[in-house]
Amino acid sequence: MGYSDFNDDLPARIKEQADIVQVIGECVELKQAGVRFLGCCPFHNEKTPSFSVHPGQQFFYCFGCGASGDVFEFQMRYHNLDFPTAMKELARRFNVSIPEKPQSPQEKEKSLKRKAMYAVNEKAAAIFRSSLVNEAQAQVAREYLEQRQIPIQVQESFGLGYAPSSDMAGWDFLGSQLNDAERQAAIESGLLVKKEKGRTYDRFRDRVLFPIYDRRGSVVGFGGRIVGEGQPKYMNSPESMVFSKSASLLGLYQQGNEIRRRKQAILVEGNFDLVSLVVHGCPNVVAPLGTALTTQQLKLLKGFAEECVLLFDGDAAGVKAAMRSVPLFLSEQMAGKVALLPSGHDPDTFIQEQGLEALSDLLEKALPLPEFAVQQLVEKHGLTLDGKNRIVTELQPLIKSAKSSLQSTLMLSHFSESLGITAEELGASMPRAEETIPLPVEGPPLEAEYEHPSQPEEFRPLSGPQKRLVTHMVLYPSSALQLEKYGLRECLSGTIGEVLLLQLLALLEQNEGVEPEELLAKLPKGGERVLVSDILLRSSSADEGLSCQGTEEELNELLCWLEGEQLRRQSSELVELISSCAFRNEPEELQQLVSRKMSVDRRLQELRQTNVFTND
């Protein structure tokens, strides 16, 4: 990870100061469950929380996908950072000083240049912003933004500015406001262009400017849209030590939190398309900087979203751009979809004329990229013999971009069905992608004995039936899967039994023949370990009060009890629905709900008559 780049004790000192619950809690909604906290995993899509954070041991673990690690690992994975950057960010937040690493003269010079370029970009952004807001010469730009319906608060959010034309402010509007050192940094970052005789002139003139931010909120460059006549219509800062077009996304800094919350990014091609969507209520949107989508940009998005929808113009250029992106999504194993706009529309005009609801409908109907690719190829070549041969040829790069043999097999099966040939025939006609074996996910060191401060147990107490369920689950782990299918997780929600179930299910995924002692070995010190130890001790001493024999009859009783609990919840929900339906005067739906309620109640009565369904 790069620990060796720092003092040996520095990571430990940062971990001592960094509150892992606070750090993760800013990204994941956590609820305390005894000595740990539970929430929905940010690294895979789930509705029922299986993501566990342990403040005492300072690690997190997901029982669903196996993601695990310490506060550094979370920072790196969630925010898409390398280890040194994650470490520095946590050290800054929690006031841990990092001693400066000795640098060579070349490294020192490079570091100073980067700092100077960041600083001059920040100063330029402030100058351009002040120009737009305050200067009379920016009236044309203010009218342009008003015409495009970009309100002041959104202009502020994106830091929009204006570089006046040379006719109004000369060729040295920005340069004249910088000292010699700043002018040199501005040349390095591309804000100023150096002429042959050593003089400079402003690169950006008569343009509305979008500052381009990195993940930390530092200005790394600018994108400018010309207001008057002239070419090019859009211009970006040139590549520099701090700015790379192919590794930057406009709007990611401002919209990143919304993208994370929705787990989806919408990608548009133009700067004003992006801003217009934000203005009209579509906040999870980003844009590349006048280039086709790149692998680096997709890697950036993977740190924020599970899925990306390409919202492109429906013309030939839009289709071509979407087709070019398919191999990137496949190679990065990220879900991608494409939504093409009606003819004559771009995202800006569409949302202004049709509104957010129409846009949402369009996005909802977006096609997965592989299906889109096949659909376009079929439309282009047809399904004649010659057409199929051409389609197969054009599908080769897509199949080759698959990251694993499983992904390749699924694609072959899906594409072959669309073309009316067998998967074997399609596979034989093209080279197969090499299988990539993923590295195993290393679980947390649960078997280690950790000392941690005592914390108040905030589990809901177990009822009599819940105690019996937990006891059976611990002593007979193989029954856990069947019990879980009947709603055991929901029944134990908020109790110590829920955490035990999650750990047990994780063990069963690795090995079906789990023994109770293996569960005990995986638990850290705390209430869960005490409970499991108590169950095992009581079972070994033939405690008569334990009442758990592991028979099939006993398991069936527990399954009946769980079914009864589910039915009781359904009955309560149906009562509410019936009341609501009666209020709305919808007789047909009301009759259906009443019929369902009667059916549920009949089954409840049957269970009560078995004498296993109790309320204790």
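Residues numbered from 1 in each chain as written. Predicted model: local features only at pLDDT ≥ 70, side-chain atom pairs only at ≥ 80, totals over all residues. Heavy atoms only, no water.

Draft legend 1. Region of interest: the overall build of the protein. Broken down by element type, the protein carries 27 helices and 16 strands. Put simply, the protein has 616 residues, and 47% of those count as buried. Counting only contacts in the protein whose residues sit at least 6 apart along the sequence, the fraction spanning at least 24 positions is 65%. Counting every atom, the protein has about 31,300 Å² of accessible surface; 49% of that belongs to carbon and sulfur. (Helix = DSSP H or I, 4+ residues; strand = E, 2+ residues; numbered from the N terminus. Buried < 20%, exposed > 50% of the residue type's maximum accessible area, 1.4 Å probe, protein only. Contact = heavy atoms within 4.5 Å. Areas by Shrake-Rupley, 256 points an atom, 1.4 Å probe, with all protein chains shown as cover.)

Draft legend 2. Main features of the pairing of strand β15 (residues 335–340). Two elements, strand β14 (residues 307–312) and β15, share six bridges in a ladder whose sense is parallel. Among the inter-strand pairings, C308 is bridged to a residue of β15, identified as G336. Taken together, β14, helix α13 (residues 316–332) and β15 constitute a β-α-β crossover, and its handedness is right-handed. Where β15 meets strand β16 (residues 367–368), two bridges bridge the pair, whose relative direction is antiparallel. The residue bridging V338 from the neighbouring strand is L367, located in β16. (Pairing = 2+ DSSP bridges. Right-handed = clockwise from strand over helix to strand, strands pointing away.)

Draft legend 3. Region of the structure containing the nonpolar core. L145, V208, V268, L274, L277, L311 and L359 are the most contacted members of the largest nonpolar core, which has 40 residues in total. Counting only elements with at least two residues in this core, the list comes to α5 (105–134), α6 (139–147), α7 (152–158), β9 (207–213), α11 (271–279), β14, α14 (347–354) and α15 (356–364). What L311 contacts, discounting residues up to four positions off in sequence, is I266, L267, V268, L277, A339, L341, P347, L359, L362 and L363. Counting residues in hydrophobic clusters, the runner-up holds 39 residues, among them V319, L328, M334 and L412. (Core = buried A, V, L, I, M, F, W, Y, C linked by side-chain atoms within 4.5 Å.)

Draft legend 4. Structural view of the sheet that holds strand β12 (residues 264–267). Across the sheet, which stays open at both edges, the five strands sit in the order β13-β12-β14-β15-β16 with mixed pairing between neighbours. Looking at the sheet topology across the chains shown, the edges are occupied by β13 (285–286) and β16. Two strands pair when backbone bridges link them, and β12 and β14 are joined in this way by four bridges, in the parallel orientation. Of the residues in β14, the one forming a bridge with Q264 is E307.

Draft legend 5. Structural detail: the pattern of salt bridges. Counting across every chain of the model gives 16 salt bridges. For E258, the salt bridge identified is with R261, shortest N-O distance 3.1 Å. One end of the pair is E258 and the other is R261, both in helix α10 (residues 252–262) and three residues apart, which spans about a single turn. Note on R261: relative accessible area 56%, which makes it exposed. Among the salt bridges present, the one from E490 reaches R569, with a minimum N-O distance of 3.2 Å. Here R569 lies in helix α26 (residues 552–584) and E490 lies in helix α22 (residues 488–491), a separation of 79 residues in the sequence. Bridged by salt links that share partners, the residues E258, R261 and R262 form one connected network. (Salt bridge = Lys/Arg side-chain N within 4 Å of Asp/Glu carboxyl O.)

Draft legend 6. Just the sheet that holds strand β2 (residues 36–39), in detail. Taken in spatial order, the five strands make up an open sheet running β1-β2-β3-β4-β5, and their pairing is antiparallel. In this open sheet, the two strands that pair with only one neighbour each are β1 (31–33) and β5 (68–69). Pairing of strand β3 (residues 51–54) with strand β4 (residues 59–62) involves four bridges; the strand directions are antiparallel. For F51, the partnering residue across the bridge sits in β4 and is C62.

Draft legend 7. Spotlight on helix α17 (residues 385–400). An ideal rise of 1.5 Å per residue puts 22 Å on 16 residues; α17 measures up with 23 Å between its terminal C-alpha atoms. Taken as a whole, α17 carries its principal kink of about 30 degrees at E394; the proline P397 stands between one and four residues after it. Buried within α17 we find G387, I391, V392, L395, L398 and I399. (Expected span 1.5 Å × (residues − 1). Bend = angle between axes of the 7 residues up to and from the residue.)

Draft legend 8. Broad picture of the packing of aromatic side chains. Taken as a whole and judged by the stated rule, the model has 15 aromatic pairs. Judged by centre distance (6.2 Å) and plane angle (45 degrees), the rings of F43 and F60 are tilted. Within this pair, whereas F43 is found in the loop between β2 and β3, its partner F60 is found in strand β4, the two being separated by 17 residues in sequence. Residues F43 and F60 agree in their burial class; the two are buried. Counting every residue linked through ring pairs, the aromatic cluster contains F43, F51, F60, F74 and Y78. Against the face of F43 rests R77, its NZ or CZ located 4.5 Å from the ring centre. Against the face of Y234 rests R225, its NZ or CZ located 5.9 Å from the ring centre. (Phe/Tyr/Trp six-rings, centres within 6.5 Å; stacked < 30°, edge-to-face > 60°. Lys NZ or Arg CZ within 6 Å of the ring centre and 35° of its normal.)

Draft legend 9. Structural view of helix α12 (residues 295–302). Of all the positions in α12, only Q297, L298, L300 and L301 are classed as buried. With its buried residues spanning 155 degrees around the axis, α12 presents them on a single face. The inward-facing, buried residues of α12 contact α10, β12, β13, β14 and α13. (Arc of directions from axis to C-beta.)

Draft legend 10. Up close: the packing of α14 against α15. Running from N to C, α14 and α15 point in directions that differ by 125 degrees, and their axes come no closer than 6 Å. Classified by the interaxial angle, the pair formed by α14 and α15 is oblique. Residue-level inspection shows F350, I351 and Q354 of α14 in contact with α15, the latter providing L356, A358, L359 and L362. Its residues assigned to classes, the contact of α14 with α15 shows six nonpolar, one polar and no charged. (Axes fitted to C-alpha atoms, helices over the stretch in contact; angles between N-to-C directions. Parallel < 35°, antiparallel > 145°, perpendicular 65-115°, else oblique. Nonpolar A, V, L, I, M, F, W, Y, C, P; charged D, E, K, R; others polar.)

Draft legend 11. Main features of the confidence of the model for the protein. This prediction gives the protein a mean pLDDT of 81; 87% of its residues lie at or above 70. The low-confidence segment residues 432–457, where pLDDT is below 50, has 48 contacts with residues more than four positions distant or belonging to other chains. pLDDT under 50 marks residues 541–545. Its contacts with residues more than four places away, or in other chains, come to two contacts. (pLDDT = per-residue confidence, 0-100.)

Draft legend 12. Local environment of the packing of helix α16 (residues 369–381) against α17. Where α16 meets α17, the axes come as close as 9 Å, and the angle between the chain directions of the two elements is 150 degrees. If you check the angle between α16 and α17, you find them roughly antiparallel. Taken as a pair, α16 and α17 cross one another with a handedness that is right-handed. Of α17, the residues touching α16 (which contributes A373, V374, L377, V378, K380 and H381) are G387, R390, I391, E394, L395 and L398. Residues that form the contact of α16 with α17 fall into these classes: seven nonpolar, two polar and three charged. (Left-handed = near helix turned anticlockwise from the far one by under 90°.)

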